[in-house]
Amino acid sequence: MKVLVTGIDGYSGWPLALHLLARGHEVVGIDNFATRRRVAEVGSWSATPIPSFARRQLAVKEVLGKEIAFYRGDLADYDLVEKVLATERPDAIVHLGEQRSAPYSMIDVRHAVMTQVQNVTSTLHLLYAMRDKAPDAHLVKMGTMGEYGTPRVPIPEGFFEVEYRGGTDTLPFPRQAGSWYHWSKVFDSGDVMFASKIWNLRATDVMQGVIYGIRTPEMTDRRLFTRFDFDETWGTVLNRFIVQAILGLPLSVYGQGGQTRGFLALEDSIQSLRIAVEHPASAGEYRVFNQFDAAYSVNHLAEATAGIARELGYSPTIAHMPNPRVEQERHGYEPIHEHLYTLGYRRTRTLDEVIREIFQTLRRYRRRLEAKRHVVQPTVDWRRPDNRGSLGARAPTPPTPPPSGAT
Ligand code: USQ
């Protein structure tokens, strides 16, 4: 198949591209390098040094003997989106090209608006361009488990049967997102569902849990590594805990630490996206996959990290910090995740194994972690209207529009 990966330069986009190539698919990518700029904006960088995209393409050619076609540009540019779809006519589009950080969206009004405008616009642009230029393509849209929040009932895969005042129906499960970022994904879901209905498009909305991990099997050479973020804004919780253990910083459990989310390893996240691509939705079908392996509380992840850190000779401490977010800290969590398993998905990585792999890989990059230790602990507070001041020396400048144009 020919697969267009939007956000191909990112944490998930890059390993997905490598995996699709290894499976014999053709890959075309588009990216505006916004994540590189925004991580710099908060004063951080990837623990793993990331080559320029041109160097990545060269490494793919040398190591894997494959080519990746690439467009440098912004999905906010509709003419470009239409041109890419008309030129490439992909069989599938995996849409990862959105602002992915909840804390970043909570910095201030500009970051909130930019997140929602960018995310909703990019998806709408893709939907319109699909309608006009690639109506048979299958859209695999990166959503998030965080759309559902933490209700006191089991969470179905998108839809559930409702009986109310004598009537019954199958309806979208209620959304209770926990950040402006997560709400942007809710709006996207509504738009994708509506577009597939009115234009007969094929779509899979992937409600992905929190990803952790640093390596996938295709990263056989350092030049093929993906980025690994660990600062308070861009790093996800388990990845951050491991870095904190390495740096001798307390593992930052927010509040009571009973917050529970679905988690999955990077490699298995890539596996499940590939399975969605290889099993397209039917024309006019909008389907929802809940994508995670296991639910863990933040306390569990902190204990697991600390245990392995001790074995490796570190002296980790765990701190329960005032929670900068507004979220339940003790709750049940029972999401259903069956659809991917019926298509052949199987978990390949255990939590402990991946934690060890991250520790081992990061050993080589300790100096890069040390250089950014001041941006690891939390400062962005959900309740404060403007967090730029709290970022101190790394006070972010307003986001700037990226250049666009195909290369
Ligand atoms: N947390 C801590 N300490 C930290 C960082 C986070 O206790 O140092 C807690 C948070 O309060 C939260 C949980 O860990 O309860 C997860 O936080 P996170 O930063 O790892 O993940 P989140 O903000 O939920 O977002 C991440 C990705 C996002 C994706 C989402 C999936 O950045 O792109 O959509 O995970 S989900 O969480 O299922 O919505």
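As the structure is a prediction and not an experimental result, all values here were calculated from the model.

Rules behind the numbers
- All residue numbers refer to positions counted from 1 along the written sequence of the respective chain.
- Confidence filtering applies because this is a predicted model: local features only for residues at pLDDT of at least 70, side-chain atom pairs given and counted only at 80 or more, and all residues used for totals across whole chains, interfaces and linings.
- Working from all heavy atoms in the structure, the side-chain values ignore hydrogens and water.
- We treat two strands as partners when DSSP finds at least two bridges between them.
- Secondary structure elements are defined from DSSP: runs of H or I of at least 4 residues count as helices, runs of E of at least 2 residues count as strands, and each element is numbered from the N terminus.
- Axis definition: a line fitted to C-alpha atoms, limited for helices to the stretch in contact. Angles are taken between N-to-C directions and run from 0 to 180 degrees.
- Throughout, a residue-residue contact means that at least one pair of heavy atoms, one from each residue, lies within 4.5 Å.
- A side-chain nitrogen of Lys or Arg and a carboxyl oxygen of Asp or Glu constitute a salt bridge if their distance falls within 4 Å.
- Accessibility here uses a 1.4 Å probe with only protein chains present; expressed as a share of the type maximum, an area under 20% marks a residue as buried, one over 50% as exposed, and anything in between as partly exposed.
- A residue counts toward a patch only above 30% relative accessible area and without a salt bridge, and it is joined to like-charged neighbours within 9 Å or, for Val, Leu, Ile, Met, Phe, Trp and Tyr, to nonpolar neighbours within 5 Å.
- Surface accessibility follows the Shrake-Rupley procedure with a 1.4 Å probe radius. Residue values consider only the protein chains on display as shielding.
- For each residue, the test is whether any non-hydrogen atom lies within 4 Å of the molecule or strand; if one does, the residue is near.
- Think of a polar contact as two N or O atoms within 3.5 Å of one another; within protein, one of them needs to be a possible hydrogen donor and the other a possible acceptor, and neighboring residues in sequence only count if both atoms come from side chains.
- Gly counts as polar in this scheme, as do all residues outside two lists: the nonpolar Ala, Val, Leu, Ile, Met, Phe, Trp, Tyr, Cys and Pro, and the charged Asp, Glu, Lys and Arg.

Asks: Just checking my understanding: could you explain the sheet that holds strand β11 (residues 260-265) for this structure?
Replies: By way of backbone hydrogen bonds, the strands of a sheet pair with one another, either parallel or antiparallel. With respect to topology, 3 strands assemble into an open sheet ordered β9-β11-β13, the strand pairing being mixed. Strand pairing shows two members of the sheet lacking a second neighbour, β9 (210-212) and β13 (294-297), which therefore form its edges. The mean angle between the axes of side-by-side strands here comes to 50°, regardless of whether they run parallel or antiparallel. As paired elements, β11 and β13 share 4 bridges and run antiparallel to each other. Its bridge partner being in β13, G262 is matched across the sheet by A295. Across the sheet, helix α9 (residues 266-278) is in contact with β9 and β11; its angle to β11 comes to roughly 80°.

Asks: Explain the pattern of salt bridges here, please?
Replies: Note on pairing: side chains with opposite charge can pair once their charged atoms come close. Counted according to the given criterion, the structure contains 28 salt bridges. Put simply, D229 and R100 hold a salt bridge, and the shortest N to O gap is 2.9 Å. With D229 in the loop between β9 and α8 (237-247) and R100 in the loop between β4 (92-95) and α5 (102-105), this pair connects stretches of sequence that are 129 residues apart. On the basis of relative accessibility, which here comes to 4%, the residue D229 falls in the buried class. Residue R100 is classed as partly exposed on the basis of its relative accessible area, which comes to 29%. Put simply, E357 and R349 hold a salt bridge, and the shortest N to O gap is 3.4 Å. Connected via shared salt-bridge partners are E98, K141, K185 and D188.

Asks: Looking at this model, I keep getting lost on a nonpolar patch on the surface. Mind explaining?
Replies: Judged by side-chain polarity, V109, V113 and V117 come together as a nonpolar surface patch covering roughly 260 Å² of accessible area. Structurally, V117 is set in helix α6 (residues 109-133).

Asks: Honestly, the site of the ligand in this entry has me stumped. Any pointers?
Replies: R100, T144, Y181, S252 and E327 are the nearest of the 21 residues found near the ligand. Here R261 contributes a side-chain N or O atom positioned 3.4 Å from an oxygen atom of the ligand. With respect to the ligand, the side chain of E327 contributes an N or O atom lying 2.5 Å from an oxygen atom. Contact with the protein chains covers 94% of the free accessible surface of the ligand, which is 730 Å². Breaking the shell around the ligand down by element, the ones donating at least two residues are α7 (180-199), α8 and β10 (251-254). When grouped by side-chain class, the residues that make up the shell around the ligand number 8 nonpolar, 8 polar and 5 charged.

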